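Residue strings, one per chain:
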Amino acid sequence: MKELVRANNPALISFVESLLKELDINYFVADQAISAAEGSIGMFPKRILVHPEHFDKARDLLIDAGLEDELRPLKP
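The following paragraphs examine the structure supplied in this document. As a convention, each chain's residues are numbered from 1 in the sequence order in which they are written. Residue-level local features of this predicted model are given only where pLDDT is at least 70; pairs of side-chain atoms are given and counted only at 80 or more, and the full residue set underlies all totals for whole chains, interfaces and linings. In computing side-chain properties, one takes all heavy atoms of the structure into account and sets aside hydrogens as well as water.

Section: the layout of surface pockets
Right, so step 1: Volume-wise, the largest pocket comes out at about 190 Å³.
Right, so step 2: Detection works on a 1 Å grid of protein atoms alone, calling trapped sets that fit a 1.4 Å probe cavities and calling open sets with protein on both sides within 12 Å along at least five of seven lines pockets, with lining residues defined by an atom within 4 Å of a point. What lines the largest pocket is Lys 2, Glu 3, Phe 55, Arg 72, Pro 73, Leu 74 and Lys 75. Grid points are joined across faces, edges and corners, and a volume is the space filled by probe spheres set on the points.

As structure tokens, this is what we get:
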């Protein structure tokens, strides 16, 4: 899995999830348990991960939605 987005903002996480679902891109939201354990104060960000096979499609989708500033930097 490759990290697509890391954020503390629940509205952003929800929006990204809805975009990915719309195009049937499988994803996983990591760090939900730690976020719940810390009382949802936003100290620990959640990460949205996608399969490497769908990573470029998912990135393009978020760029088209105007979320390019929320994307994790590409690793060389």
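Looking at the packing of helix H1 (residues 10-22) against helix H3 (residues 52-64)
Right, so step 1: Every axis corresponds to a line fitted to the C-alpha atoms, with the helix fit spanning only the stretch in contact, and the corresponding angles, defined between N-to-C directions, vary from 0 to 180 degrees. For helices the rule is a DSSP run of H or I covering at least 4 residues; for strands it is a run of E covering at least 2, with both sets numbered from the N terminus onward. In contact at an axis separation of 10 Å, H1 and H3 are set at 120 degrees when each is read in the N-to-C sense. Taken together, the axes of H1 and H3 lie oblique to each other. Along this stretch, H1 crosses H3, giving a crossing that reads as right-handed. Two secondary-structure elements touch here, H1 through Val 16, Leu 19 and Leu 20 and H3 through Ala 58, Leu 61 and Leu 62.
Right, so step 2: When residues are grouped by polarity, Ala, Val, Leu, Ile, Met, Phe, Trp, Tyr, Cys and Pro land in nonpolar, Asp, Glu, Lys and Arg in charged, and all others, Gly among them, in polar. Here the residues of the contact of H1 with H3 sort into six nonpolar, no polar and no charged. What sets the label is the angle itself: under 35 degrees gives roughly parallel, over 145 gives roughly antiparallel, 65 to 115 gives roughly perpendicular, and the rest give oblique. Note: crossing handedness is left-handed where the near helix turns anticlockwise from the far helix by less than a right angle, and right-handed where it turns clockwise. The contact rule is simple, with two residues in contact once any of their heavy atoms fall within 4.5 Å.

Considering unusual backbone geometry
Right, so step 1: One non-glycine residue, Asp 24, lies in positive phi territory at about 55 degrees.
Right, so step 2: With respect to the helices and strands, the residue Asp 24 is situated in the loop between H1 and strand E2 (27-30).

A word on the nonpolar core
Right, so step 1: For the purposes of this section, nonpolar cores are sets of buried Ala, Val, Leu, Ile, Met, Phe, Trp, Tyr and Cys residues that join through side-chain atoms within 4.5 Å. Using a 1.4 Å probe on the protein chains alone, a residue whose accessible area is under 20% of its type maximum counts as buried, one over 50% counts as exposed, and one in between counts as partly exposed. Among the nonpolar cores identified, the biggest contains 18 residues, and Leu 4, Val 5, Val 16, Leu 20, Ile 48, Val 50 and Leu 62 are the most heavily contacted of them.
Right, so step 2: Counting residues per element, the ones that place at least two in this core are strand E1 (2-7), H1, strand E3 (46-50) and H3.
Right, so step 3: A per-element tally of this core places H1 first, with five residues.
Right, so step 4: Those residues within four positions of Val 5 in sequence are excluded, and the remaining contacts are Leu 12, Val 16, Lys 46, Arg 47, Ile 48, Leu 62, Glu 70, Leu 71 and Arg 72.

Points about the environment of Val 16
Right, so step 1: In this structure, Val 16 sits in helix H1.
Right, so step 2: With relative accessibility at 1%, the residue Val 16 sits in the buried group.
Right, so step 3: Sequence separation between Val 16 and Leu 67 is 51 residues, and the spatial gap between their C-alpha atoms is 8.9 Å.
Right, so step 4: Dropping the residues within four chain positions of it, Val 16 is found in contact with Val 5, Ile 48, Leu 62 and Leu 67.

So, the packing of aromatic side chains
Right, so step 1: Pairing of aromatic rings covers Phe, Tyr and Trp, the last counted by its six-membered ring, and requires centre-to-centre distances within 6.5 Å; plane angles under 30 degrees mean stacked, over 60 mean edge-to-face, and any other angle means tilted. This structure, assessed with the given rule, holds zero aromatic pairs.
Right, so step 2: Just above the ring of Phe 55 sits the side chain of Lys 2; from NZ or CZ to the centre is 4.2 Å. Cation placement over rings: the criterion is NZ of Lys or CZ of Arg within 6 Å of the ring centroid and within 35° of the ring normal.

Observations regarding H3
Right, so step 1: Expected helix span is computed as 1.5 Å times (number of residues minus one). Relative to the 18 Å expected for 13 residues at 1.5 Å per residue, H3 spans 19 Å between its end C-alpha atoms, a close match to the ideal helical length.
Right, so step 2: Of all the positions in H3, only Phe 55, Ala 58, Arg 59, Leu 61 and Leu 62 are classed as buried. Taken down its axis, H3 places every buried residue within 160 degrees of arc, on the same side. What points out from H3, more than 90 degrees from its buried face, is the exposed set Glu 53, Asp 56 and Asp 64. Think of it as the arc spanned by the lines of direction from the helix axis to the C-beta atoms.

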